Amino acid sequence: MNISYFSNTKTMSQKAAAIVLEDLEKNASLLLCAATGSSPNILYQLLGEAYERQTTLFQKARVIPLDEWIGLATPKGTCHAYIQEKLLLPLHISKDRYFGFNAEADDLEKECNRIQKTLQQEGPIDLCILGLGKNGHLGFNEPATELKSHCHVAILAPQSQEHSMIGSAATKPTKGLTLGMQDILDSKKILLLVSGDGKEEVTKQLRSGDVSNDCPATWLWNHSNVQCLVTHDKFVL
Ligand code: GLP
């Protein structure tokens, strides 16, 4: 894992955008896996600005979400709404190039199988954009004795249920749909963005290089092409 440090989220996001655009230049039909949350916010905004400068940039790019909350009563706060607002609309990603998850499906196991099939057909993911959960999770792969390889319904850790995306939800989701650890590790390249409050301890654990299920993000040390970008305003190096 290659870790670089930035003094603020803007400079971190500029580097992240440069990486995405460079990969897109090499492969116009890039399959991008998109995390949600606050960490990739400015990155996505910068990609929108890149589109404004060159409207043909994303005309073949494909997007798959990393995860989705289960049980939100309204579309507000869903990963789908976030991705639609920050990526699909600004980058003009057409419906046939977006492989969304249906967290309202009657049979969620079937939905996981459908997502897995889509990933087999469209994948592997070329560039996987991840955020770091406060408890070290990736997507909704929460710390556990055994991590799941593929798309599954995850029971959310208490910390995940406090995430700002669902802060105003009347009923807090207790479950989520997520790509599994192997799905993430099968990506050709991974971009892990680390920013935000309350991640000091988990960042220390990640930087230690010890791979442990207690901090699923540490599994990224087993991948040969990971760029980890950290904002160090909050982290003692
Ligand atoms: C949430 C999201 C993840 C995200 C992570 C970190 O659980 N479902 O996709 O990567 O938390 O979020 P943030 O970047 O807001 O800290």
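It should be noted that the structure appears before, not after, this text.
Quantities reported herein were computed from a predicted structural model and do not represent experimental measurements. (Residues numbered from 1 in each chain as written. Predicted model: local features only at pLDDT ≥ 70, side-chain atom pairs only at ≥ 80, totals over all residues. Heavy atoms only, no water.)

## Things to note about the layout of surface pockets
Leftover empty space is mapped by rolling, across the atoms, a probe with the size of a water molecule. Taken as a whole, the largest pocket holds about 480 Å³ of empty space. Around the largest pocket, the lining is made up of 27 residues, and of these Leu132, Gly133, His137, His163 and Lys199 lie nearest the centre. Looking at the lining of the largest pocket, its residues break down into 7 nonpolar, 15 polar and 5 charged. (1 Å grid on protein atoms, 1.4 Å probe; cavity = no way out; pocket = protein on both sides within 12 Å on 5 of 7 lines; lining within 4 Å. Points joined across faces, edges and corners; volume = space filled by probe spheres on them. Nonpolar A, V, L, I, M, F, W, Y, C, P; charged D, E, K, R; others polar.)

## Looking at the sheet that holds strand E7 (residues 175–178)
Strand order in the open sheet formed by 3 strands is E4-E7-E6, with antiparallel pairing between adjacent strands. Of all the strands in the sheet, just strand E4 (67–70) and strand E6 (152–155) have a single pairing partner and so form its edges. On average, each strand axis in the sheet is inclined to that of its neighbour by 30°, with strand direction left out of account. Across 4 bridges, the pairing between E6 and E7 is antiparallel. The residue bridging Ala154 from the neighbouring strand is Gly176, located in E7. (Pairing = 2+ DSSP bridges. Helix = DSSP H or I, 4+ residues; strand = E, 2+ residues; numbered from the N terminus. Axes fitted to C-alpha atoms, helices over the stretch in contact; angles between N-to-C directions.)

## Description of the sheet that holds strand E8 (residues 189–194)
On the basis of which strands lie adjacent, the open sheet formed by 6 strands has the order E1-E9-E8-E5-E2-E3 and parallel pairing. Single-partner strands in this sheet number two, and they are strand E1 (2–6) and strand E3 (62–65). With direction set aside, neighbouring strand axes in the sheet form an average angle of 20°. Pairing of strand E2 (residues 31–34) with strand E5 (residues 127–131) involves 3 bridges; the strand directions are parallel. Bridging across to E5, Leu32 finds its partner in Leu127.

## Focus on the environment of Asn27
By the element assignment, Asn27 lies in the loop between helix H1 (9–26) and E2. On the basis of relative accessible area, Asn27 is assigned to the partly exposed category, the value being 23%. Between the alpha carbons of Asn27 and Pro124 there is a distance of 13 Å; along the sequence they are 97 residues apart. (Buried < 20%, exposed > 50% of the residue type's maximum accessible area, 1.4 Å probe, protein only.)

## Comments concerning the pairing of E2
Alternating positions in E2 separate into two faces, Leu31 and Cys33 on one and Leu32 and Ala34 on the other, with burial throughout. Direction of pairing for E2 relative to E3: parallel, over a ladder of 4 bridges. When the sheet's bridge partners are listed, Cys33 is paired in E3 with Ile64. In this fold, E2 hands off to helix H2 (residues 41–53), which returns the chain to E3; that crossover is right-handed. (Right-handed = clockwise from strand over helix to strand, strands pointing away.)

## A closer look at the site of the ligand
Close to the ligand lie 13 residues, the nearest being Ser38, Ser39, Asp67, His163 and Lys199. Interatomic distance of 3.4 Å between a backbone N/O atom of Gly131 and an oxygen atom of the ligand. His137 is positioned with one of its side-chain polar atoms (N or O) 3.0 Å from an oxygen atom of the ligand. With the chains in place, 96% of the 390 Å² that the ligand exposes on its own is no longer accessible. The pocket occupied by the ligand, as judged from atoms lying within 2 Å of grid points, is the largest pocket. For the shell around the ligand, the residue count by class is 4 nonpolar, 7 polar and 2 charged. (Near = heavy atom within 4 Å. Polar contact = N/O pair within 3.5 Å; in protein donor to acceptor, adjacent residues only side chain to side chain. Areas by Shrake-Rupley, 256 points an atom, 1.4 Å probe, with all protein chains shown as cover. Sits in = over half its atoms within 2 Å of the grid points.)

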